[in-house]
Amino acid sequence: MASAAITLAADAPTLSAANTGFMLICSALVLLMTPGLAFFYGGMVRVKSTLNMLMMSFISIGIVTLLWVLYGFSLAFGTDKGSLIGWNSGWVGLSDIGTADLWDGYTIPILAFMVFQMMFAIITPALISGALADRVKFTAWALFVALWATIVYFPVAHWVWGAGGWAFELGVIDFAGGTAVHINAGAAALGVILVIGKRVGFKKDPMRPHSLPLVMLGAGLLWFGWFGFNAGSWLGNDDGVGSLMFVNTQVATAAAMLAWLAYEKIRHGAFTTLGAASGAVAGLVAITPSGGAVSPIGAIAVGAIAGVLCAMAVGLKYKLGYDDSLDVVGVHLVGGVVGSLLIGFFASGKGQSDVEGLFYGGGLDQFWKQCAGVFAVLGYSLVVSAILAFLLDKTIGMRVPEDDEIAGIDQAEHAETAYDFSGAGGGAARTTVPPAAVGGESKKVDA
């Protein structure tokens, strides 16, 4: 018995400084993605909505951070309750977690895992905001974030990643968030916009991006941060799977960007910067669930397919009449579905598990499992998000007044504007010269 105890003690995981440091760096990279998303979305809206778009992402950092510490981590990753939710009272407020307590089966502290997953919880509701640009009250949005994270994200994270969660136990593969993050956010976006309606002037007024350089900057920050998002999800570097995910993240993103641009050139006759940025994000979304299961060649296929299908999907809002302002549905929902389902075809059996897809001799078993995860998350998030939006709209109101929307939501909601044009010249702006400068008489002059 004594020798068995010694053997068990020797086999027990011990804290790895390397893996812990890696996970803390990855956590910081994932946090950077939310400001990156803010810039990405902020450049895509009109000038009068820029600050509001930035703030819709930044407020998620504040709200979800506190909720995650208070009870979100416990709900998502605590002891399973009926395969639907977790709970561990000792994790409320992180009160019963020691600094050296290890995440079960791994060599990193619980706190390192907790803060890494916190960053996922932060960016997921922020993704929804792009569909609601120009028209939502900031207070209503903040309350929606708090309610949605609690009722939708925390339970879904448990389904997909929590020990005992029904999707986890079924064998649904989601390496870093195709279902829990992207399908979840994309379906929520669709549910909310079906309730709150279209922007004033939708399909009538020009609503072009006001700053494509800002969009490209945001896309670059997202691409950079996504390596932490994806490679970090293996929670260490002991077997090389994280490295595979890192490689596949780069490969699929490049393929998706090129595929989107090719489609755009054939369909519309030009290679646009917006297309390059959107294609890159579509590839990042699609490889997120699948990158640990496919080979680099498979990652090229996943990225290319997602690039074309997402490019096609963004035009559906004009045909179907729903106003998805910044294509959250077309990129995140569609990209998440594509990446998740393609695991059933391209899983090589040589990555995160020995599961093989149809093209590797594994049949369609994994495909059907992926379908179960995809459509359960899609349906739950769509319905519950629509109900939340409806209740908020009927109580405090979700939309700003029409006059405020037309004049600009930045000024109405934040009492600020993104740019100061007072020195732009051309007689468009005027300023007041102090009386002392003109013999004691104030007068208007061209700026």
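All residue numbers refer to positions counted from 1 along the written sequence of the respective chain. Per-residue local features of the predicted model are confined to residues with pLDDT of at least 70, and side-chain atom pairs are confined, for both listing and counting, to 80 or more; whole-chain, interface and lining totals are unaffected and use all residues. Hydrogens are left out, water is left out, and the side-chain values use all remaining heavy atoms of the structure.

(A) Broad picture of the overall build of the protein. Numbering of helices and strands runs from the N terminus; a helix is a DSSP stretch of H or I covering at least four residues, while a strand is a stretch of E covering at least two. Of regular secondary structure, the protein possesses 16 helices and four strands. At 24 Å, the protein has a C-alpha radius of gyration in line with the 22 Å of a compact globule built from 447 residues. On the principal axes, the C-alpha backbone points of the protein span a range of 100 × 55 × 40 Å. Counting across all 447 residues of the protein, residues that qualify as buried make up 54%. Contacts between residues were defined by any pair of non-hydrogen atoms, one from each residue, lying within 4.5 Å. Long-range contacts, defined here as pairs at least 24 residues apart, represent 74% of the contacts in the protein between residues at least 6 apart. Accessible surface is estimated by sampling points in the Shrake-Rupley manner with a 1.4 Å probe; for residues, cover comes only from the protein chains shown. Per element, the accessible surface of the protein, about 18,100 Å² overall, is 66% carbon and sulfur. Only four residue types enter the charge count: Lys and Arg as positive, Asp and Glu as negative, with His and the chain ends excluded. Where a charge lies is defined by one atom per residue type, namely NZ (Lys), CZ (Arg), CG (Asp) and CD (Glu). Of the charged side chains in the protein, 21 are positive and 29 negative; the average position of the first set lies 14 Å away from that of the second. With C-alpha atoms as the basis for the radius of gyration, the globule rule is written as 2.2 Å multiplied by the number of residues raised to the power 0.38. The buried label goes to any residue with under 20% of its type's maximum accessible area, the exposed label to any with over 50%, and the partly exposed label to all in between, with areas taken from a 1.4 Å probe on protein chains only.

(B) A look at unusual backbone geometry. We note that Leu-94 has phi near 60 degrees; this positive angle belongs to a residue other than glycine. Within the secondary structure, Leu-94 sits in the loop between β2 (85-87) and α4 (110-128).

(C) Summary view of the side chain of Ser-290. Within the fold, Ser-290 resides in helix α10 (residues 273-290). Among the residues examined, Ser-290 registers a relative accessible area of 0% and is labelled buried. Apart from the residues lying within four places of it in its own chain, the contact partners of Ser-290 are Val-302, Gly-339 and Ile-343.

(D) Just the packing of aromatic side chains, in detail. We call Phe, Tyr and Trp rings a pair once their centres come within 6.5 Å, taking the six-membered ring for Trp, and we label the pair stacked below 30 degrees between planes, edge-to-face above 60, and tilted otherwise. Applying the stated rule across the entire model yields 28 aromatic pairs. Between Trp-141 and Phe-144, the ring centres sit 5.8 Å apart and the planes meet at 25 degrees, which makes this aromatic pair stacked. Here Trp-141 pairs with Phe-144, and both are found in helix α5 (residues 138-161), just three residues apart, close to one helical turn. One exposure class covers both Trp-141 and Phe-144, and it is buried. A centroid spacing of 5.1 Å and a plane angle of 70 degrees characterise the contact between Phe-367 and Trp-368, whose relative ring orientation is edge-to-face. The exposure class of Phe-367 is buried, given its relative accessible area of 16%. One aromatic cluster in this structure is built from Trp-68, Tyr-71, Phe-73, Phe-77, Trp-91, Trp-103, Phe-113, Tyr-153 and Phe-154.

(E) Examining the packing of helix α7 (residues 178-196) against helix α14 (residues 365-395) more closely. Angles run from 0 to 180 degrees between N-to-C directions of axes, and those axes are lines fitted to C-alpha atoms, restricted for helices to the stretch in contact. Running from N to C, α7 and α14 cross one another at 40 degrees; their axes reach a closest spacing of 7 Å. Here the hand of the crossing between α7 and α14 comes out right-handed. Where α7 abuts α14, its residues Thr-179, Ile-183, Asn-184, Ala-187, Ala-188, Leu-190, Gly-191, Val-192 and Val-195 lie against Gly-373, Val-374, Val-377, Leu-378, Ser-381, Leu-382, Ser-385, Ala-386, Ala-389 and Phe-390. Each residue is assigned to one of three groups, with Ala, Val, Leu, Ile, Met, Phe, Trp, Tyr, Cys and Pro labelled nonpolar, Asp, Glu, Lys and Arg labelled charged, and all others, Gly among them, labelled polar. Residues that form the contact of α7 with α14 fall into these classes: 13 nonpolar, six polar and no charged. Left-handed describes a crossing whose near helix is turned anticlockwise from the far helix by less than a right angle; the clockwise case is right-handed.

(F) How the structure looks around the environment of Ile-196. Following the sequence through the fold, Ile-196 ends up in helix α7. When the C-alpha atoms of Ile-196 and Asp-393 are compared, they prove to be 7.6 Å apart, with 197 residues separating the residues in sequence.

(G) View of the confidence of the model for the protein. One number per residue, pLDDT, summarises how confident the predictor is, and it ranges from 0 to 100. Per-residue confidence for the protein gives a mean pLDDT of 92, with 92% of residues at or over 70. pLDDT under 50 marks residues 1-9. Its contacts with residues more than four places away, or in other chains, come to zero contacts. Contacts for the low-pLDDT stretch residues 427-447, under 50 throughout, to residues beyond four places or in other chains number 26 contacts.

(H) Geometry of the pattern of salt bridges. Think of a salt bridge as a Lys or Arg side-chain nitrogen and an Asp or Glu carboxyl oxygen that are within 4 Å of each other. Enumeration according to the criterion identifies five salt bridges in this entry. The partner of Arg-46 in a salt bridge is Asp-134, with the nearest N and O atoms 3.0 Å apart. Of this pair, Arg-46 sits in the loop between α2 (17-44) and α3 (50-77) while Asp-134 is found in the loop between α4 and α5, placing the two residues 88 residues apart along the sequence. Its relative accessible area of 16% is what places Arg-46 among the buried residues. The partner of Asp-327 in a salt bridge is Lys-317, with the nearest N and O atoms 2.9 Å apart. Note that Asp-327 is positioned in the loop between α12 (316-320) and α13 (328-346) and Lys-317 in helix α12, a separation of ten residues in sequence. Of the two residues examined, Asp-327 and Lys-317, each falls in the buried class. One network of salt bridges, in which partners are shared, links Arg-46, Asp-134, Arg-199 and Asp-323.

(I) Quick look at the side chain of Thr-249. Relative to the elements of secondary structure, Thr-249 occurs in helix α9 (residues 241-268). Whenever a nitrogen or oxygen atom comes within 3.5 Å of another N or O atom, the pair is scored as a polar contact, on the condition that within protein one atom can donate a hydrogen and the other can accept it, and that pairs from neighbouring residues in sequence are kept only if both atoms are in side chains. For Thr-249, the side chain forms a polar contact with the side chain of Asn-230, separated by 2.9 Å. Those residues within four positions of Thr-249 in sequence are excluded, and the remaining contacts are Phe-227, Asn-230, Leu-284 and Ile-287.

(J) Spatial organisation of the environment of Gly-72. Looking at the secondary structure, you find Gly-72 in helix α3. Here Gly-72 falls in the buried class, since its relative accessible area comes to 0%. Here the alpha-carbon distance between Gly-72 and Leu-358, two residues 286 residues apart in the chain, equals 37 Å. For Gly-72, the contacting residues outside a window of four places in its chain are Leu-67 and Phe-154.

(K) Quick peek at α9. The span expected for a helix works out to 1.5 Å for each residue beyond the first. Counted at 1.5 Å a residue, the expected span for α9 with its 28 residues is 40 Å, and the 39 Å between its end C-alpha atoms agrees. Count one or two residues on from α9 and you reach Gly-269, which has phi positive near 85 degrees.

(L) Representation of the nonpolar core within the structure. By size, the foremost hydrophobic cluster in this structure holds 113 residues, and its most contacted members are Trp-68, Phe-73, Leu-132 and Tyr-153. Take this core: its biggest share by element is 16 residues, from α5. Apart from the residues within four sequence positions on either side, Leu-132 is in contact with Met-56, Trp-141, Val-192, Ile-193, Ile-196 and Ser-325. Among buried residues, the Ala, Val, Leu, Ile, Met, Phe, Trp, Tyr and Cys ones that are joined through side-chain atoms within 4.5 Å form a nonpolar core.

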